Amino acid sequence: MAGFSELIKNFDRTRDYVREFFIYGFKVRGDFDRKSARSYDDEKRRVESWLGEYLRYDTTSRGKQVAITLNSSRISENPLYRALESRSFTDNDIRLHFLLLDLLADGTAHSVRSLTEQLAADYSAVFDEQTVRGKLREYAAEGILLPEREGKMLLYRLTPETPRSLFAEIPALAQAVQFFSCLPEFGFAGHTLLRAAGLHNSAFLMKHLYIVHTLESQVLLQLTDAIQEQRMVTLHCFGRRRMGHTCTVVPLKIYASAQTGRRYLICYQPDFRRVNSYRLDYIRRAEDAGACENYAEYADMLGRNAEKCFGVSFGHRKKGNSEYTMRVTVRINMEEEPYILERLEREKRCGHVERTGEELYTFTVTVFDPNEIMNWVKTYIGRIVSISGSPTEEARFRRDVERMHRMYSRKEEEDGTVQ
Amino acid sequence: MELFSEIYGAYFRTAERILSKGRLTPKEVQQLIQEEAFRDSMLFLPQKLMPESGESWELLRKTEDGMLERVTKHAPPAFLTLLQKRWLRSKLDDPKMRLFLTDAEFQSLSERLQDVQPLYPAGVFRYFDKFTDGDPYESPQYRAVFRTVLRAIGRHEVLAVDYMTGKGKSLRGHFLPLKLEYSQKNDKFRLYCIRMGKRGAGGSGMLNLGRIAAANPTGKRYMEDGLLEGVLERRRCSEPVQVLVSGERNGIERFLMEFASFEKRTEMDEESRRCTVWLWYDQQDETELLIRLLGFGPVVEILGPPAFRAQAAERVERQYALLQ
């Protein structure tokens, strides 16, 4: 194992492996054919070290499969944060970190030269001024140090703010951070705050939480920065159909599904002159592509299109901006099952629901992509009286029900198991 | 400003805890590595921390009495980073922040962060399938109940609760709150709790926070190890649901992504390119699980347990009849 390190410099490859172990869990060593056997062993060993207690090993006819398995509604801390705590560094990085902070702990401002001299005098740590300056600049960008000018000289002072002082001033904030650190919107930042104050989440559990989103945090931060600064980005995508795909887009929003676990970048794509969506987990990295002059215009375009979008599909490029008004009628016995209508009302999104007959309620929605509503419609199987608005979807629904009917009508064995 | 940075890493944090001790034994160093770093860090970190190892970071030195002491003069100072401040600033835009902070506390934090740019713009995230009947975070009564419950969880204090059930019946009783559960999909908080009787802990329950009309501290405290674990275990299904997922319509990827939050086991059949999945679930969520599985149509077949499959078959049969 010479040369193996628990720490990593680049998160991309690790992101792939953790995702494969976590989402699929059925892949064996040979399935990772894009990478070398050595890199599989190293990545697996790292994941074992970070997340050992959540790993499951099964031996199948195909070989030994490794899976990360856990019920995310029963854990108080996202274990995938461990992967984000694994950034590698040099010996100089860690020495400078603790020695410089020790010199700056007095709260006064110091120059680069005086710090460089003190490092040598107090700790026999000899660094050139340029190295020390680089670290001080880096820490100023992170907000750890506050730069200030004294004449022509640049001085650095340690920030007086600490997590403990913040929580001491506003004690209820510690519980808020416990809660928000569990959520996918950069919860890792909250986790670092808790850790710095020696605290843990002790009050909250999260249901329907997709902790795998943690792996996209770095890319997501690049995208939200671009949205905040109204800049374009070049996306480098991978995945099922977008292997090696690159495109330049104007990021507008992040759409997320609380039910399917997928998150998307919603953007304006100049090549196609339309709003488009890209799955976040298929974006390997995003690079700045310059300021966007017409940002407000594209944001307006999204606003106009969003009301005809049931999920993230803004229609098919080749079909233009075709719209479909879909009507789905379901049977509800209001005496016995009023909760079904309540469910329709709370899940209708951009559609509306009206009573259209005795025990009949019709959901109507105008969308760019009728296929996008069908998964949700099928959750009402058993009470769907009619579907109209797209002959293609209607025919497919009918075929699906017939196939399911054959599937569930198969004769079962006496012991109840299906063959 | 980096999220994936060594300053938030496990190794830096371990070193910080060790240096904050001043003087300690080699055994204490090892113990702190085990507490803070990764499972295998004992193979890599000790030689970096121990003086005279050749690979040493030279942050500790050996004393004559065999102890280790830091080379620095002070315990490492703490600091709040820009990433943490920008994240906190963004959370001020979330209405749920007001559940925790009083108006005065909210004002104080807002003023403290007034010059800080949010980490992300307000409203940039949109959960398009979140239910629309979420909890009333703006309601003063809801906020009061939330804070009372949260305080009681920390104090292990029994609460006298007035509750309205889903069927509109009024319920009054003493409950020991254990943990709050939040669902992004439902946009609701629910409370894991134990019903308290005259003889102590009774049955376990789950209360929707939005249906608690009043919660008052009783001054009585109750602590017992494993209460929450017991509740969770009782709610877990006795047998997992077994399903067969086909690759049609990208079914396997869609299915495994959607059910990524579940405890599961998967097995791929190379010949048929179909994946068998065993899912463990909370018994209270059985209907929700059933309709989600049916939403996949013929891409997913529920194989067992027989009673679970029978429920799916019954709904499909009804649907088939409706289309004839």
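Residues numbered from 1 in each chain as written. Chains lettered and ligands numbered in written order. Predicted model: local features only at pLDDT ≥ 70, side-chain atom pairs only at ≥ 80, totals over all residues. Heavy atoms only, no water.

**Q** Looking at this model, I keep getting lost on the overall build of chain B. Mind explaining?
**A** If you tally the helices and strands in chain B, you get 11 helices and 13 strands. Taken across its 324 residues, chain B has 57% of its residues classed as buried. Sequence separation of 24 or more characterises 57% of the internal contacts of chain B that already satisfy a separation of 6 or more. Total accessible area on chain B stands at roughly 14300 Å², and carbon and sulfur atoms take up 46% of it. Computing the positive centroid from 50 side-chain charges and the negative centroid from 47, chain B places the two 6 Å apart. (Helix = DSSP H or I, 4+ residues; strand = E, 2+ residues; numbered from the N terminus. Buried < 20%, exposed > 50% of the residue type's maximum accessible area, 1.4 Å probe, protein only. Contact = heavy atoms within 4.5 Å. Areas by Shrake-Rupley, 256 points an atom, 1.4 Å probe, with all protein chains shown as cover. Lys, Arg positive; Asp, Glu negative; His and termini not counted. Charge placed at Lys NZ, Arg CZ, Asp CG, Glu CD.)

**Q** What is the right way to read the domain arrangement of chain A from this model?
**A** How big an interface is tends to be expressed through the accessible area that disappears when the partners come together. All names here are of chain A. Parsing chain A into structural domains produces domain 1 (11–77), domain 2 (91–158), domain 3 (163–209), domain 4 (231–306) and domain 5 (324–408). Averaged C-alpha coordinates put domain 1 and domain 3 at centres separated by 28 Å. Each side of the interface is counted separately: domain 1 has six residues, and domain 3 has 10 residues. Buried area between domain 1 and domain 3, summed over both chains or domains, comes out near 560 Å², and the portion from carbon and sulfur atoms is 39%. On the domain 1 side of the contact with domain 3, Ser73, Ser76 and Glu77 bury the most area, a combined 73% of that side's loss. Seen at the junction of domain 1 and domain 3, the total is one salt bridge. At the surface where domain 1 touches domain 3, the tally comes to four residue pairs in polar contact (both at pLDDT 80 or more). Across the side of domain 1 that touches domain 3, the residue classes tally to one nonpolar, three polar and two charged. (Domains from an automatic or database assignment. Buried area = accessible area lost by both parts, 1.4 Å probe. Salt bridge = Lys/Arg side-chain N within 4 Å of Asp/Glu carboxyl O. Polar contact = N/O pair within 3.5 Å; in protein donor to acceptor, adjacent residues only side chain to side chain. Nonpolar A, V, L, I, M, F, W, Y, C, P; charged D, E, K, R; others polar.)

**Q** How should the sheet that holds strand E4 (residues 145–150) of chain A be read in this particular structure?
**A** Whether parallel or antiparallel, the strands of a sheet pair through hydrogen bonds between backbone atoms. Residues and elements named next belong to chain A. As summarised here, the arrangement of the three strands in space is E3-E5-E4, forming an open sheet in which the pairing is antiparallel. With partners counted over all chains shown, the strands left at the sheet margins are strand E3 (110–111) and E4, one partner each. Where E3 meets strand E5 (residues 153–158), two bridges bridge the pair, whose relative direction is antiparallel. Looking at E5, one finds that Ser111 is bridged to Leu155. Sheet strands touched by helix H6 (residues 129–141): E4 and E5. Its angle to E4, the strand with the most contacts, is close to 115°. (Pairing = 2+ DSSP bridges. Axes fitted to C-alpha atoms, helices over the stretch in contact; angles between N-to-C directions.)

**Q** Please explain the packing of helix H8 (residues 172–180) of chain A against helix H4 (residues 82–91) of chain B as it appears in this structure.
**A** It is at 12 Å that the axes of H8(A) and H4(B) come closest, and there the two elements cross at 90°. When the interaxial angle is binned, H8(A) and H4(B) end up roughly perpendicular. Packed against H8(A), whose contacting residues are A:Leu173, A:Val177 and A:Phe180, the element H4(B) presents B:Trp87, B:Leu88 and B:Lys91 at the interface. Of the residues belonging to the contact of H8(A) with H4(B), the class tally is five nonpolar, no polar and one charged. (Parallel < 35°, antiparallel > 145°, perpendicular 65-115°, else oblique.)

**Q** When you look at the domain arrangement of chain B in this model, what are you seeing that I'm missing?
**A** Taken domain by domain, chain B consists of domain 1 (6–70), domain 2 (140–235) and domain 3 (241–323). Relative to domain 3 of chain B, the C-alpha centre of domain 1 of chain B lies at a distance of 49 Å.

**Q** Explanation requested: the pattern of salt bridges in the structure shown.
**A** Opposite charge on two side chains permits pairing when their charged atoms draw close. If you walk through the whole model with that rule in mind, you get 67 salt bridges over all chains. Of the charged contacts in the structure, one is a salt bridge between A:Arg195 and A:Glu77, with a shortest N-O distance of 3.1 Å. Taken together, the residues span a long stretch of sequence, with A:Arg195 in helix H9 (residues 187–196) and A:Glu77 in the loop between strand E2 (63–68) and helix H3 (81–84) at a distance of 118 residues. Assessed through its relative accessible area of 18%, A:Arg195 is described here as buried. Residue class for A:Glu77 comes out partly exposed when judged on its relative accessible area of 26%. Salt-bridge contacts for A:Asp122 lead to B:Lys73; the nearest nitrogen and oxygen are separated by 2.7 Å. In this pair, A:Asp122 is assigned in helix H5 (residues 112–123) and B:Lys73 in the loop between strand E3 (68–70) and H4, connecting two distinct chains. Using a relative accessible area of 37% as the deciding quantity, one classes A:Asp122 as partly exposed. The exposure class assigned to B:Lys73 is partly exposed, which follows from its relative accessible area of 46%. Taken together, the shared-partner salt bridges connect A:Glu77, A:Arg82, A:Glu85, A:Arg195, B:Arg13, B:Arg17, B:Glu35 and B:Glu36 into one network.

**Q** Looking at this structure, I do not really get the sheet that holds strand E1 (residues 23–24) of chain B. What am I missing?
**A** Residues and elements named next belong to chain B. With respect to topology, three strands assemble into an open sheet ordered E1-E3-E2, the strand pairing being antiparallel. A single partner strand is all that each edge strand has here, and the edge strands are E1 and strand E2 (60–62). Bridge count for E1 against E3 is two bridges, and the pairing is antiparallel. What sits directly across from Arg23, in E3, is Glu69.

**Q** Help me understand the pairing of strand E6 (residues 204–207) of chain A in this model?
**A** Alternating positions in E6(A) separate into two faces, A:Phe204 and A:Met206 on one and A:Leu205 and A:Lys207 on the other, with burial throughout. Direction of pairing for E6(A) relative to strand E6 (residues 170–183) of chain B: parallel, over a ladder of four bridges. Paired with A:Lys207 across the two strands is B:Ser183, which belongs to E6(B).

**Q** Would you mind going over helix H2 (residues 26–36) of chain B with me for this structure?
**A** Think of an α-helix as turning once every 3.6 residues; residues three or four places apart then point the same way. Residues and elements named next belong to chain B. Among the residues making up H2, those that are buried are Val29, Leu32, Ile33 and Glu36. For H2, the angular spread of the buried residues around the axis is 105°, confining them to a single face. Across from the buried face of H2, at angles greater than 90 degrees, the exposed residues are Lys27 and Gln34. (Arc of directions from axis to C-beta.)

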